[in-house]
Amino acid sequence: MLQKLLDTTVFWLHAAGFRHPAIFTVGSPPCLQAHSGGAMEAIAGALAGCLVPETQKAAELQVRQMATTPGFGAYVGQILLADGQVAPGVRQLAGIVIKRFVADHWEQVSPEERLTIKQSLPHALNDPSAKIRSCAASAVASIAEKDLPAEWPELIPWLVGSLKDSANKPNLVHGSARCLAMLASQLDDSLIPHIVPVLFPELLSLVQQQVAIRVKAQALTGNDLCHCISPPALLI
């Protein structure tokens, strides 16, 4: 039921035009220049090489080798965040790579690097590009699957809080809702009673706002929404 509610919310965000760019900032994500230029350029170059047929195999091997070196995950996360500094295709690939990096290497990553990644990566949910937001949502969800709740207790409150200002921060709202939808399919049942009381009011308010704006715009009816939010079990 939680999954369906989150998917419904994402649907309405798309219906209301939240896929379109609106540039604004969230906090102060670390900038690309703040990190080692040589390492960053080498990783970005290898990722770019993966997109060229003539260099793809060699570049993929280089990326796999780099993935075992300290700092790789943090650098790739910054490439994902580098709007206007790195080509969009390279940034999208960075999102895919960091998700794979988390799956294969997260247990070997130092606590300091993990913290750096977790502090910076959610800022990509605010990106002007819907493709980058989707990549970021998937990457954040992959970390959350491993670290929730004990190692990342602030994530869910941050995502839920990001849903509050749909008028001024549409990119962040959409990115956060998409990330929550991905998380819903991964959550352990024991976490649901702790998350739903916080999440449900914000999602319901958000969906109601979009229904008010686009009341007859889509085929999705109020009955569908009621079906996914009405069972008492969801409110326990």
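Residues numbered from 1 in each chain as written. Predicted model: local features only at pLDDT ≥ 70, side-chain atom pairs only at ≥ 80, totals over all residues. Heavy atoms only, no water.

Caption draft 1: How the structure looks around the overall build of the protein chain. Counting its secondary structure elements, the protein chain contains eleven helices and zero strands. Of the regular secondary structure in the protein chain, the N- to C-terminal order runs α-α-α-α-α-α-α-α-α-α-α. Contacts spanning at least 24 positions in sequence make up 75% of the contacts within the protein chain whose residues lie at least 6 apart. Here the protein chain displays about 11,600 Å² of accessible surface, and carbon together with sulfur accounts for 58% of that area. (Helix = DSSP H or I, 4+ residues; strand = E, 2+ residues; numbered from the N terminus. Contact = heavy atoms within 4.5 Å. Areas by Shrake-Rupley, 256 points an atom, 1.4 Å probe, with all protein chains shown as cover.)

Caption draft 2: Structural detail: helix α6 (residues 111–120). Looking at α6, one finds that the buried residues are Glu113, Ile117, Lys118 and Ser120. On the buried face of α6, the contacting elements are α4 (72–81), α5 (88–105) and α7 (130–147). (Buried < 20%, exposed > 50% of the residue type's maximum accessible area, 1.4 Å probe, protein only.)

Caption draft 3: Structural detail: the packing of α4 against α5. The geometry of α4 relative to α5 is characterised by a closest axis approach of 8 Å and an angle of 150° between their N-to-C directions. Judged by the sense of rotation from one axis to the other, the crossing of α4 with α5 is left-handed. For the pair formed by α4 and α5, the contact residues are Phe72, Gly73, Val76, Gly77, Ile79, Leu80 and Leu81 on the first element and Val90, Arg91, Ala94, Gly95, Val97, Ile98 and Phe101 on the second. Here the residues of the contact of α4 with α5 are counted per class, giving ten nonpolar, three polar and one charged. (Axes fitted to C-alpha atoms, helices over the stretch in contact; angles between N-to-C directions. Left-handed = near helix turned anticlockwise from the far one by under 90°. Nonpolar A, V, L, I, M, F, W, Y, C, P; charged D, E, K, R; others polar.)

Caption draft 4: The side chain of Lys118, seen in detail. Checked against the element boundaries, Lys118 lands in helix α6. Among the polar contacts made by the side chain of Lys118, one reaches the side chain of Asp147 at a distance of 2.9 Å. Those residues within four positions of Lys118 in sequence are excluded, and the remaining contacts are Trp106, Ile143, Asp147, Glu151 and Trp152. (Polar contact = N/O pair within 3.5 Å; in protein donor to acceptor, adjacent residues only side chain to side chain.)

Caption draft 5: The arrangement of α4 in detail. Counting buried residues in α4 gives ten out of ten residues, a clear majority hidden from the surface. All of the buried residues along α4 are Phe72, Gly73, Ala74, Tyr75, Val76, Gly77, Gln78, Ile79, Leu80 and Leu81.

Caption draft 6: Molecular detail of the nonpolar core. Among the nonpolar cores identified, the biggest contains 57 residues, and Leu47, Phe72, Ile79 and Leu183 are the most heavily contacted of them. Mapped by element, the contributors of at least two residues to this core are α2 (37–50), α3 (56–66), α4, α5, α7, α8 (155–161), α9 (170–184) and α10 (192–213). (Core = buried A, V, L, I, M, F, W, Y, C linked by side-chain atoms within 4.5 Å.)

Caption draft 7: Focus on the pattern of salt bridges. What the rule picks out here adds up to five salt bridges. Between Arg91 and Asp127 there is a salt bridge, with the nearest N and O atoms lying 2.4 Å from each other. Linking Arg91 in helix α5 with Asp127 in the loop between α6 and α7, this pair joins segments that are 36 residues apart in sequence. The same class applies to Arg91 as to Asp127, namely buried. Between Arg100 and Asp104 there is a salt bridge, with the nearest N and O atoms lying 2.7 Å from each other. (Salt bridge = Lys/Arg side-chain N within 4 Å of Asp/Glu carboxyl O.)

Caption draft 8: Focus on the environment of Ser129. The residue Ser129 is located in the loop between α6 and α7 in this model. A C-alpha to C-alpha distance of 9.9 Å links Ser129 and Gln92, two positions 37 residues apart in sequence.

Caption draft 9: Inspection of the environment of Lys118 at higher detail. Among the residues examined, Lys118 registers a relative accessible area of 10% and is labelled buried. Sequence spacing of Lys118 and Ile143 is 25 residues, and the spatial spacing of their C-alpha atoms is 8.1 Å. There is a polar contact of 2.7 Å between the side chain of Lys118 and the backbone oxygen of Glu151.

Caption draft 10: Representation of the packing of aromatic side chains in the model. For the coordinates displayed, the defined rule picks out one aromatic pair. Seen in terms of ring centroids, Phe72 and Phe101 are 5.6 Å apart; in terms of plane orientation they differ by 50°. Their pairing is tilted. Residue Phe72 is found in helix α4, and its partner Phe101 is found in helix α5; the two are separated by 29 residues along the sequence. (Phe/Tyr/Trp six-rings, centres within 6.5 Å; stacked < 30°, edge-to-face > 60°.)

Caption draft 11: Focus on unusual backbone geometry. A cis amide bond, omega -5°, links Leu148 with the succeeding residue Pro149. Inspection of the secondary structure puts Pro149 in the loop between α7 and α8.

Caption draft 12: Molecular detail of the packing of α4 against α6. Taken N-terminus to C-terminus, the directions of α4 and α6 make an angle of 15°; their axes are 8 Å apart at the nearest point. It follows that α4 is roughly parallel to α6 by the angle criterion. The way α4 lies across α6 gives a crossing that is left-handed. On α6, the residues touching Phe72, Gly73, Ala74, Gln78 and Leu81 of α4 are Glu113, Thr116, Ile117 and Ser120. Partitioning the contact of α4 with α6 into residue classes produces four nonpolar, four polar and one charged. (Parallel < 35°, antiparallel > 145°, perpendicular 65-115°, else oblique.)

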